[in-house]
Amino acid sequence: MIQTVLCAVDVNRPEAEARVLQTAHRLAELEGAQLDVITVIPDYGMSVVGGFFSDDHTKKAVAHAKEILNDLVTDAIGADANAKVRHVVGVGTAYHEIIETAEQGGADLIVLGAHRPDLRDYLLGPNAARVVRHSTCSVYVVR
């Protein structure tokens, strides 16, 4: 039985991710499950790049990403459904944050998109593959 579905999206790709969100929403509804949606932003505090950003940059980036995520989910599945969604903004490496959030949130299913490997997506492909490979729960990949 599926009680929690975690849907991972990239807020920078709203058109592509709308279908992923709609699929995750349908799966959650079929199971009567909670839908959680996560997006991940880079960790700007890392020593290599941290000096270029203010101390509160990550906090501001998380708040901004949460607003964009909320709008993306509302546009994809509607305001009523979005009101029931738990929104998560992870900070760090996408695949690590997705797996960690799934484990901590007790997700029974992770839903994410498989994007065509054009130049812009080369960083996304390995993340999806790593989630599939290392997740302790089932993963549904939307093509």
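To start, this report covers the structure provided alongside it. (Residues numbered from 1 in each chain as written. Predicted model: local features only at pLDDT ≥ 70, side-chain atom pairs only at ≥ 80, totals over all residues. Heavy atoms only, no water.)

On to the overall build of the chain. Looking only at helices and strands, the chain features five helices and five strands. Along the chain, helices (α) and strands (β) appear in the sequence β-α-β-α-α-β-α-β-α-β when read from the amino end. Put simply, the chain has 143 residues, and 38% of those count as buried. For the chain, the share of sequence-separated contacts (at least 6 apart) that also reach a separation of at least 24 residues comes to 77%. (Helix = DSSP H or I, 4+ residues; strand = E, 2+ residues; numbered from the N terminus. Buried < 20%, exposed > 50% of the residue type's maximum accessible area, 1.4 Å probe, protein only. Contact = heavy atoms within 4.5 Å.)

Adjacent strands of a sheet form backbone hydrogen bonds with each other and so pair up, either parallel or antiparallel. On the basis of which strands lie adjacent, the open sheet formed by five strands has the order 3-2-1-4-5 and parallel pairing. Each end of this open sheet is capped by a strand with a single partner; those strands are strand 3 (86-91) and strand 5 (138-142). Geometrically, the sheet is characterised by an average inter-axis angle of 25° between neighbouring strands, direction not taken into account. When strand 1 (residues 4-8) meets strand 4 (residues 109-113), the two strands line up parallel, connected through three bridges. Opposite Cys7, over in strand 4, you have Val111 as the bridge partner. Taken strand by strand, helix 1 (residues 14-31) contacts strand 1, strand 2 (34-41), strand 4 and strand 5, and its axis lies near 180° from that of strand 1. (Pairing = 2+ DSSP bridges. Axes fitted to C-alpha atoms, helices over the stretch in contact; angles between N-to-C directions.)

Axis separation between helix 1 and helix 2 (residues 57-77) bottoms out at 9 Å; the angle between their running directions is 65°. Comparing the axis directions of helix 1 and helix 2 gives the class roughly perpendicular. Here helix 1 runs over helix 2; the crossing is right-handed. Every residue of helix 2 that contacts helix 1 at Pro14, Glu17, Ala18, Leu21, Gln22 and His25 is listed here: Leu72, Val73, Ala76 and Ile77. Tallied by class, the residues present in the contact of helix 1 with helix 2 amount to seven nonpolar, two polar and one charged. (Parallel < 35°, antiparallel > 145°, perpendicular 65-115°, else oblique. Left-handed = near helix turned anticlockwise from the far one by under 90°. Nonpolar A, V, L, I, M, F, W, Y, C, P; charged D, E, K, R; others polar.)

Moving on: the side chain of Thr39. Mapped onto the secondary structure, Thr39 falls in strand 2. A residue is classified by how much of its surface remains accessible, and Thr39, at 3% relative accessible area, is buried. Sequence-distant contacts of Thr39, defined by excluding residues within four places in its chain, comprise Val9, Asp10, Val11, Ala65, Leu69, Val88, Val89 and Gly90.

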